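A closer look at the structure
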Amino acid sequence: VQLQASGGGLVQAGGSLRLSCAASGIPFNLNRMGWYRQAPGKQRELVATITPGGTTTYQDSVTGRFTISRDNVKNTVFLQMNVLKPEDTAVYYCNAFGFVSGKNYWGQGTQVTVSS
């Protein structure tokens, strides 16, 4: 199983970034995909999730600014992040949760840094 995240970087406040996570080794259409983040000194927290059918959930602080989407043909999940704020600075992790298997998988993380 591999979750390969990419797209992080350094951006000024108000800017945008798009994260991608390519999944392999899992039945993508049977997995809820998600993005989590962990800032220095803080616990990992949920950012957004999307079911195979496209139902989404978001953390309140990113609602209206972030959009999660998935391509079930390319086995890839995306996180479009707009109007970024310094408090969005964190390592962002891709997650896959199997509805049938009950298994949880994590990607390696990608750093997002928002300067003020």
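A brief report on the enclosed structure follows. Not measured: the values here are computed from a predicted model.

Points about the pairing of strand 1 (residues 2-6)
Burial of the side chains of strand 1 is restricted to one face: Leu3 and Ala5 are buried, whereas none of Gln2, Gln4 and Ser6 on the reverse face is. For strand 1 and strand 3 (residues 17-24), the ladder comprises five bridges, and the chain directions are antiparallel. Bridge pairing links Gln4 to Ala22 in strand 3.

Points about the state of the cysteines
Disulfides are covalent bonds that link the sulfur atoms of two cysteine residues. Under the criterion given, the structure shown has one disulfide. Disulfide pairing places Cys21 opposite Cys94 at an S-S distance of 2.1 Å. Negative torsions about the S-S bond denote left-handed disulfides, and the value of about -85° found for Cys21 with Cys94 makes this one left-handed. On the criterion of sequence distance, the pair formed by Cys21 in strand 3 and Cys94 in strand 9 (residues 90-98) is long-range, its members being 73 residues apart. Accessibility classification places Cys21 together with Cys94 in one group, the buried group.

Rules behind the numbers
Residues numbered from 1 in each chain as written. Predicted model: local features only at pLDDT ≥ 70, side-chain atom pairs only at ≥ 80, totals over all residues. Heavy atoms only, no water. Buried < 20%, exposed > 50% of the residue type's maximum accessible area, 1.4 Å probe, protein only. Helix = DSSP H or I, 4+ residues; strand = E, 2+ residues; numbered from the N terminus. Pairing = 2+ DSSP bridges. Disulfide = S-S within 2.5 Å.

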